[in-house]
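Read off the chains here:
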Amino acid sequence: MIRHLNKDNIAPVNEVFFSYQGEGIFAGIPQIFVRFTGCNLKCNYCDTPKSLNINKSNSKYFTTQALFEYILNIFEKNKDSFYGHKPSISFTGGEPLIYADFILELVKKYLKKKFSVYIETNGTLTQQIRKIYKYCDVVAMDIKFKSACKQDLFKEHKLFIESCKDKVFIKTVITKQTEKEEFIKAVNLISDISKKIKLIIQPSAFDTATNKKTFEFYSLAISKISDVRILPQLHKLWKIQ
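Residues numbered from 1 in each chain as written. Predicted model: local features only at pLDDT ≥ 70, side-chain atom pairs only at ≥ 80, totals over all residues. Heavy atoms only, no water.

1. Notes on the state of the cysteines
Here is step 1: Within the structure shown, the criterion is met by 1 disulfide.
Here is step 2: Two residues, Cys43 and Cys149, share a disulfide whose sulfurs are 2.5 Å apart. When the S-S torsion is 90°, as for the bridge of Cys43 with Cys149, the disulfide is right-handed. Of this pair, Cys43 sits in the loop between strand E2 (30-36) and strand E3 (60-63) while Cys149 is found in helix H4 (residues 146-149), placing the two residues 106 residues apart along the sequence. The pair formed by Cys43 and Cys149 is uniform in burial state, with each residue classed as buried.
Here is step 3: The structure places no disulfide on Cys39, whose sulfur is separated from the nearest cysteine sulfur, that of Cys43, by 6.6 Å.
Here is step 4: This cysteine, Cys136, is not joined by any disulfide, and Cys164 carries the nearest cysteine sulfur, 8.3 Å off. (Disulfide = S-S within 2.5 Å. Helix = DSSP H or I, 4+ residues; strand = E, 2+ residues; numbered from the N terminus. Buried < 20%, exposed > 50% of the residue type's maximum accessible area, 1.4 Å probe, protein only.)

2. Quick look at a nonpolar patch on the surface
Here is step 1: A cluster of nonpolar residues, Tyr20, Phe206, Leu237, Trp238 and Ile240, forms a patch on the protein surface that exposes about 500 Å² of accessible area.
Here is step 2: Following the sequence through the fold, Ile240 ends up in the segment after helix H8 (234-238).
Here is step 3: For Ile240, a relative accessible area of 41% corresponds to the partly exposed category. (Patch = residues over 30% accessible without salt bridge, like charges linked within 9 Å, V, L, I, M, F, W, Y side chains within 5 Å. Areas by Shrake-Rupley, 256 points an atom, 1.4 Å probe, with all protein chains shown as cover. Salt bridge = Lys/Arg side-chain N within 4 Å of Asp/Glu carboxyl O.)

3. What to know about the confidence of the model for the protein
Here is step 1: Looking at the protein as a whole, the pLDDT averages 92, with 96% of positions reaching at least 70.
Here is step 2: Predicted confidence is poor over residues 1-7, with pLDDT under 50, and the contacts of this stretch with residues over four places away or in other chains come to 16 contacts. (pLDDT = per-residue confidence, 0-100. Contact = heavy atoms within 4.5 Å.)

4. Things to note about the packing of aromatic side chains
Here is step 1: Counted according to the given criterion, the structure contains 13 aromatic pairs.
Here is step 2: Between Phe18 and Tyr20, the aromatic rings sit 5.4 Å apart at their centres with planes inclined by 75°, giving edge-to-face as the arrangement.
Here is step 3: When its relative accessible area of 31% is taken as the criterion, Tyr20 is described as partly exposed.
Here is step 4: An aromatic cluster is present here, built from Phe18, Tyr20, Phe75, Phe82 and Phe115 joined pairwise through their rings.
Here is step 5: Above the ring of Tyr133, the side-chain terminus of Lys167 is found at 4.4 Å from the ring centroid. (Phe/Tyr/Trp six-rings, centres within 6.5 Å; stacked < 30°, edge-to-face > 60°. Lys NZ or Arg CZ within 6 Å of the ring centre and 35° of its normal.)

5. A short note on the pairing of strand E4 (residues 88-92)
Here is step 1: With 5 of its 5 residues buried, E4 lies for the most part within the structure.
Here is step 2: Residues Ser88, Ser90 and Thr92 of E4 are buried on one face, and the alternating residues Ile89 and Phe91, pointing to the opposite face, are buried as well.
Here is step 3: Bridge analysis of E2 against E4 gives 5 bridges, and the strand direction is parallel. Each residue of the ladder has a partner; that of Arg35, found in E4, is Thr92.
Here is step 4: By the bridge criterion, 4 bridges tie E4 to strand E5 (residues 116-121) in an arrangement that is parallel. Bridge pairing in E5 links Ile89 to Val117.
Here is step 5: Regarding the hand of the β-α-β motif, the stretch spanning E4, helix H2 (residues 100-111) and E5 is right-handed. (Pairing = 2+ DSSP bridges. Right-handed = clockwise from strand over helix to strand, strands pointing away.)

Structure below.
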């Protein structure tokens, strides 16, 4: 079991860096990324396996003040890349909402006035998103399929989306193992809550079989959701984080 925080109010961080968002509806925007270590799921397509498990080789423990100062240092080195716009900070992982209390203190005390707050999450920790929802600008949520994660998480996803439907967009990763029935179930889940929630279909590869499946899934989704887009991970094409 992963502990959320200890008595010293610290959290394990894998890395903090400046880059450009490579996924979803904000792909291409400059951001500062805070990648927490530790996750409550294990998906077979995970592209950051180094951040799944907490250990001495991949984690440095930060207090909120120390992390704020570290973020500011990175911002100062890269502030020209934001061209005078309010910079965005992405909390990612692993699963950042494991550390919701830590993020809440960090955002309330230090960050909210200076940064837009972007949360990347697997959409299973509803109580945690409720703690920080009003301080978030964007919630980027994955729907996790049983074919990838060996769990049926649709009940958790429904509660999560309902808790942040005004700020959330949703991503589904399509692999060779993704089943048509589970994708349709995801589309129905989203459309029943709101047809205006944006859906990103993210192919995990560019082979003929995955492409065919992706285009078929798009045609299924666009009939029920008003904004559906096919978008791969750009940072893999850029060969950067």
